[in-house]
Amino acid sequence: MNYNMKRRVAALLAVPALLLTAACGSDDDSNGDKTGGVAQVDGKAGEKPEISVPEDGEPSEKTVVETVSEGSGTAIKASDYVRLDWTVEKWGGDQELGGTWAAPAADGKAPHQQSVEQVGKQSRQLPPKVLDALKGKKPGSRILVQGTAGELIGENLNTSSGIAAKDVLIWVVDPVGAAAVDAKAEVEGEQAAPEEGMPEVKAPSQKAATITVPKGAKAPKELEQQVLIKGDGKKVEAGQGLIAQYTGVKWEDGKKFDSSWDHGGATAFQIGTGAVVAGWDQGLVGKNVGDRVLLVIPPSLGYGSNPQSELAKNTLVFVVDILGTV
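Small disclaimer: the values here were computed from a predicted structure and weren't measured.

The next point concerns the packing of aromatic side chains. According to the stated counting rule, one finds six aromatic pairs in the structure shown. Seen from their ring centres, F257 and F318 are 5.6 Å apart, and the 85° between their planes marks the pair as edge-to-face. One end of the pair, F257, is in strand 13 (residues 256-259); the other, F318, is in strand 16 (residues 316-325), with 61 residues separating them in the sequence. Arranged with centres 5.0 Å apart and planes meeting at 80°, the rings of W280 and F318 form a pair that is edge-to-face. Linking W280 in helix 3 (residues 278-284) with F318 in strand 16, this pair joins segments that are 38 residues apart in sequence. One exposure class covers both W280 and F318, and it is buried. Grouping aromatic residues by their ring pairs yields a cluster made of Y246, F257, F269, W280 and F318.

Positionally, S141 belongs in the loop between helix 1 (128-132) and strand 7 (142-148). According to the relative accessible area criterion, S141 is buried, its value standing at 1%. Separated by 2.8 Å, the side chain of S141 and the backbone nitrogen of G71 make a polar contact. Within polar-contact distance, the side chain of S141 engages the backbone oxygen of K138 at 2.7 Å. In this view, S141 contacts A45, S69, E70, G71, V173, D174 and P175; residues no more than four positions away in its chain are not counted.

Counting 23 residues, the largest nonpolar core has L84, W86, L134, V145, L169 and W171 as its most contacted members. At the level of elements, strand 4 (81-90), helix 1, strand 7, helix 2 (149-152) and strand 8 (168-179) are the ones that each hand at least two residues to this core. The element contributing the most residues to this core is strand 4, with four residues. Membership of the second largest hydrophobic core comes to 22 residues, among which are I271, V289, L295 and L301.

Quick look at the pattern of salt bridges now. The final tally for this structure, using the stated rule, is 10 salt bridges. For K138, the salt bridge goes to E70, with nearest N and O atoms at 3.7 Å. Taken as a pair, K138 in the loop between helix 1 and strand 7 and E70 in the loop between strand 3 (64-69) and strand 4 lie far apart in primary sequence, 68 residues in all. Notably, a salt bridge pairs D262 with K256, separated by 2.9 Å at the nearest N-O pair. For D262, a relative accessible area of 43% gives the class partly exposed. Using a relative accessible area of 43% as the deciding quantity, one classes K256 as partly exposed.

Once that is clear, we can look at empty space enclosed by the protein. Under the criterion given, the structure shown has two cavities of 30 Å³ or more. Volume-wise, the largest cavity comes out at about 100 Å³. Looking at the largest cavity, it is lined by 14 residues, and the ones nearest its centre are A203, K207, W261, R292 and D321. Looking at the lining of the largest cavity, the elements with two or more residues in it are strand 12 (241-250) and strand 16. When the residues that make up the lining of the largest cavity are grouped by side-chain class, the tally is seven nonpolar, three polar and four charged.

What follows is about the environment of K255. Within the fold, K255 resides in the loop between strand 12 and strand 13. Judged by relative accessible area, which is 54%, K255 ranks as exposed. In this structure the C-alpha to C-alpha distance between K255 and T210, which are 45 residues apart in sequence, comes to 9.6 Å. Look past the residues within four positions of K255 in its chain and what remains in contact with it is G248, V249 and K250.

Rules used throughout
- Each residue is numbered by its place in its chain's sequence as written, counting from 1.
- Where totals are concerned, whole chains, interfaces and linings use all residues; where local detail is concerned, this predicted model gives features only for residues with pLDDT of at least 70, and gives and counts side-chain atom pairs only at 80 or more.
- Hydrogens and water are ignored here; the side-chain numbers use all heavy atoms of the structure.
- Only the six-membered ring of Trp is used, alongside the rings of Phe and Tyr, when aromatic pairs are assigned; centres must lie within 6.5 Å, and planes under 30 degrees apart are stacked while those over 60 apart are edge-to-face, with the rest tilted.
- Only DSSP runs of H or I reaching four residues or more are called helices, and only runs of E reaching two or more are called strands; each is numbered from the N terminus.
- Exposure is judged per residue with a 1.4 Å probe applied to protein chains only, and the accessible area is read against the type maximum: over 50% gives exposed, under 20% gives buried, and values in between give partly exposed.
- Here a polar contact is taken to be a pair of N or O atoms separated by no more than 3.5 Å, where protein atoms must pair a possible hydrogen donor with a possible acceptor and residues adjacent in sequence count only if both atoms sit in side chains.
- Pairs of residues are marked as contacts when any of their non-hydrogen atoms sit within 4.5 Å.
- As used in this record, nonpolar core signifies buried Ala, Val, Leu, Ile, Met, Phe, Trp, Tyr and Cys residues forming a set joined through side-chain atoms within 4.5 Å.
- A carboxyl oxygen of Asp or Glu within 4 Å of a side-chain nitrogen of Lys or Arg is what we treat as a salt bridge.
- For cavity detection a 1 Å grid was placed over the protein atoms alone, and a set of points counts as a cavity when a 1.4 Å probe fits there but cannot get out; an open set counts as a pocket when protein lies on both sides within 12 Å along at least five of seven lines, with lining residues being those that have an atom within 4 Å of a point.
- Grid points are joined across faces, edges and corners, and a volume is the space filled by probe spheres set on the points.
- Gly counts as polar in this scheme, as do all residues outside two lists: the nonpolar Ala, Val, Leu, Ile, Met, Phe, Trp, Tyr, Cys and Pro, and the charged Asp, Glu, Lys and Arg.

Below, the structure written as structure tokens:
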């Protein structure tokens, strides 16, 4: 799915994050020689951190990974889906370059936008080496990752952003929750027939669904939805990370434009915070883990507000398997 992310993100990457090189193994908390200074991080995990550096000190020449405070629960494993907060600053810059704390919820009430990533996979938000540093840490922890932009971001560093390869970046990452879900998982159960006027769905195992739009039917002007398979898991709440399989087609010609099955399987994103199109937020919050949901989304709740999108004028039809939350 094309993500309609509204949070401000630092322009550190020269290419879309999905094109980053594969993650490498991260160093642990004993990263060899730490000659030089390490940033001080104040504040509790779950609250915006305050980062300070020694006024006259030089930063460590080595990449540093430190657990500022330790959470509880099961340690995060490679391939876990993780919901997290993060921020990044340049050593001596005293300015937030990006992160989830940069843009609080517009109405001050809804959960603020967070990143939802899979450890060991390409990230939409974080350099692989920063995300990889979460392995072995516990949800509720606060993790410091400090190193040069060249080391942490590598060849994907966008130097036109004003950050040079030798500049030291300070990342503070708070993993809020983690969940282990098989990337090839899918919803099981007897599928209901489509309601009148709704597309027909055939969902072969381990493949993108085939969605057939009713011939000659006019696209609805409001959100239409149907639970095709009823799950018995927990209810999806706004602010959670939702782990899902999905397939999307255009109502106008029935052509598929995206599917998680075409990208290695299950994907994860935050729901109910404006991180994805409004039709997903409205249609999936309140559903249950284990549900298979059919959504018909008019342009006003899809990409209609983004005229540059190739899907701006299309009514979108999605089939979504809700596999878990984090």
